[in-house]
Every structure is written in structure tokens, then in C-alpha cells.
Amino acid sequence: MFPSAIPGVQWRGITPPLALSDYAVIAFDMDSTLISIETLDEMADLMGKKAEVAALTEAAMRGDIVDYKQSLRDRVALLAGMPEALLDEVYEQRVRINPGAETLIAACKAAGLTCLLVTGGFTCFTDRLRVRLGLDDVRANVLDIVDGRLTGKLLPQAWGDICDGEEKRRKLLEVCAQRGVGPERAIAVGDGANDLPMMRAAGLSVGYHAKPAVRQEVNVAIDEGGLDQLLALIRTEDAK
């Protein structure tokens, strides 16, 4: 069990206050972590398929589906024929930055951390969030679009086919290596089972309103309030 001294925040395996200057990289999941929605579910909603897709998403995030890549392919396939213009509608009308995200990112950037977004979501959303939030690097999937409509497939990229949990971990380690630091100087923030590989590699793991499979492993569980609740456990004034 976690000890608890801050409402809505619990921790184990660490002794607060930590120093933000001890870290060099922070990696965020996107859906239900940096933003309040599951973008794929909201895309499906506009196609009248939300219940079917959301059930698969929930099972994947709980860890009930072993083959995450196939699960993602199956969900994307259900959206074949979706007009590309609806992607703009999802971003403009449904994407909301989670409370405290901008405050936490600003503190991390001020401390010199590399801010990374790693997601099973799609570049049509991450490209805009990268600019909006001032993120340094992104790893995401690319939807195949032909003649203004989704084909129901994902495009392979130079690094591989699909950004799943293992790819999130690999990207985190890659960025740490680029910074010349070990993964013990990384923070990983997420909510679902496909975030566990990077969380296990990082020196500090943070679950934000996390699924039970994630919550039972993380160092910090933020169950109430915004992402900036993490700053209650971390000194920032000596950050460099």
C-alpha cells in the first residue's frame, strides 16, 4: 500500500522531496494522460462505432489484450473510409489538455529536461500538441490516408511499424542515450498497460488516474487533481 500525505497523491519507493534537477528526461503518454480523451475512441464516435472501439481500447489499457499491435490495427481498421476532415474536428472540438499538464511541462523545461511524447496515437494529433505544449520529441503512429479518407491502415516508419509499449520504452532509452544519461534519470508518466515497459525502465514512474495494473507498480499515483500534483513531491528551485 502507498503512504499518503498529499490529498489525491500517493507514493512508494521514493523519499520526497525529490529534486527535478536530478532528472534529464520526462516521457508522457498522450491519451488520458496529457489529454483528457482517447482520440481513437472519439474518432470512432464520429463514425458511429465508439462503443465497439472503446471496448477494445479499455481492454488494451487494462492489459487484458496481450497483442497490443493487433488490437490497434483492429481498431484502426474499423475506421476505414473516415474523412480526413473529421480528424480536425476531433482535435479542435474534443482534445482538451489535462489540468496541470502545461504547468508540469513548463517546470520540466525550465529545469532543462527533455520533454518527450510517446503514444500509440497518431501524428495528426501529436504534431499539433508538440507545438502547443513545446515538447522536444515525439514518437507516434501515422494513419494511412488516400484521397482524403482513412484506409484503415497504419504506415510503417523508419523506426518500425507501430508505437506500442516496447517502442515507448525503446524511444525513452534512445533519448536518454542522446542526453548522455542513464534511464534512472528519466521520468515516465502514463495511465495504461502499454506504458508499463517505459515506466519499468525509468527512474521515476508516475501513474495519472491510472488503470489498476499500472497503479500497482508505479512510484507515484496521482488519483485526484492535475498532473502538476507531481510537483508537490519535487523541489524545483534548485533545478538547473
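Residues numbered from 1 in each chain as written. Predicted model: local features only at pLDDT ≥ 70, side-chain atom pairs only at ≥ 80, totals over all residues. Heavy atoms only, no water.

In this section: the side chain of Ser 205. Mapped onto the secondary structure, Ser 205 falls in strand β9 (residues 204–208). Apart from the residues within four sequence positions on either side, Ser 205 is in contact with Ala 188, Met 199, Glu 217, Val 218, Asn 219 and Val 220. (Helix = DSSP H or I, 4+ residues; strand = E, 2+ residues; numbered from the N terminus. Contact = heavy atoms within 4.5 Å.)

Their axes nearest at 10 Å, the elements helix α1 (residues 39–46) and helix α4 (residues 85–94) cross at an angle of 120°. Between α1 and α4, the interaxial angle falls into the category oblique. Two packed elements cross with a definite hand, and for α1 against α4 that hand is right-handed. Contacts from Thr 39, Glu 42, Met 43, Asp 45 and Leu 46 in α1 reach Leu 86, Leu 87, Glu 89, Val 90 and Arg 94 in α4. When grouped by side-chain class, the residues that make up the contact of α1 with α4 number five nonpolar, one polar and four charged. (Axes fitted to C-alpha atoms, helices over the stretch in contact; angles between N-to-C directions. Parallel < 35°, antiparallel > 145°, perpendicular 65-115°, else oblique. Left-handed = near helix turned anticlockwise from the far one by under 90°. Nonpolar A, V, L, I, M, F, W, Y, C, P; charged D, E, K, R; others polar.)

Tallied over the entire structure, the rule returns 19 salt bridges. We note a salt bridge from Asp 45 to Arg 94, for which the minimum N-O separation is 2.7 Å. In this pair, Asp 45 sits in helix α1 while Arg 94 sits in helix α4, placing the two residues 49 residues apart along the sequence. A salt bridge links Asp 191 to Lys 211, with the nearest nitrogen and oxygen atoms 3.7 Å apart. Of this pair, Asp 191 sits in the loop between β8 (186–190) and α8 (196–201) while Lys 211 is found in the loop between β9 and α9 (212–215), placing the two residues 20 residues apart along the sequence. The residues Asp 191 and Lys 211 share a single accessibility class, namely buried. A network of salt bridges, in which partner residues are shared, links Asp 137, Arg 139, Glu 167, Arg 170, Lys 171 and Glu 174. (Salt bridge = Lys/Arg side-chain N within 4 Å of Asp/Glu carboxyl O. Buried < 20%, exposed > 50% of the residue type's maximum accessible area, 1.4 Å probe, protein only.)

The next subject is the packing of helix α2 (residues 50–62) against helix α3 (residues 68–77). The geometry of α2 relative to α3 is characterised by a closest axis approach of 10 Å and an angle of 165° between their N-to-C directions. It follows from the interaxial angle that α2 and α3 lie roughly antiparallel. In the packing of α2 onto α3, the handedness of the crossing is left-handed. Contact residues: α2 offers Val 53, Leu 56, Thr 57, Ala 60 and Met 61, while α3 offers Tyr 68, Ser 71 and Arg 75. Per-class residue counts for the contact of α2 with α3 are five nonpolar, two polar and one charged.

What the domain assignment lists for the chain is domain 1 (9–35 + 97–233) and domain 2 (39–93). Roughly 2,300 Å² of surface becomes buried between domain 1 and domain 2 when both sides are summed, with 65% attributable to carbon and sulfur atoms. Counting the surface domain 1 buries against domain 2, the share from its top three residues, Phe 125, Arg 128 and Leu 150, is 27%. In this structure, the connection of domain 1 to domain 2 is made through three salt bridges. Lys 69 serves as the salt-bridge partner of Asp 161, at 2.9 Å between the closest nitrogen and oxygen. Applying the counting rule to domain 1 against domain 2 returns 11 residue pairs in polar contact (both at pLDDT 80 or more). (Domains from an automatic or database assignment. Buried area = accessible area lost by both parts, 1.4 Å probe. Polar contact = N/O pair within 3.5 Å; in protein donor to acceptor, adjacent residues only side chain to side chain.)

Below, the discussion takes up the side chain of Asp 144. Locating Asp 144 in the fold gives a position in strand β6 (residues 137–146). Although Asp 144 is buried, it forms no salt bridge, and the closest oppositely charged side chain is Lys 153 at an N-O distance of 6.4 Å. In terms of polar contacts, Asp 144 uses its side chain to reach the side chain of Thr 151, at 2.9 Å. In contact with Asp 144, not counting residues within four places along its chain, are Arg 149, Leu 150, Thr 151, Lys 153, Leu 154 and Leu 155. (Lys, Arg positive; Asp, Glu negative; His and termini not counted.)

Here we take up helix α7 (residues 165–179). One turn of the α-helix equals 3.6 residues, which is why residues spaced by three or four share an orientation. Relative to the 21 Å expected for 15 residues at 1.5 Å per residue, α7 spans 21 Å between its end C-alpha atoms, a close match to the ideal helical length. Restricting attention to buried positions, one finds in α7 the residues Gly 165, Glu 167, Lys 168, Lys 171, Leu 172, Val 175 and Cys 176. On the buried face of α7, the contacting elements are β4 (25–28), β5 (114–122), β6, β8 and α8. Two residues or fewer after α7 comes Gly 180, characterised by a positive phi angle close to 75°. (Expected span 1.5 Å × (residues − 1).)

A few words on the environment of Leu 79. With respect to the helices and strands, the residue Leu 79 is situated in the loop between α3 and α4. Taking relative accessible area as the criterion, Leu 79 reaches 1% and is therefore assigned buried. C-alpha of Leu 79 to C-alpha of Asp 45: the two residues are 34 residues apart in sequence and 10.0 Å apart in space. Setting aside its immediate chain neighbours within four residues, Leu 79 contacts Leu 40, Met 43, Ala 44, Met 47 and Leu 150.

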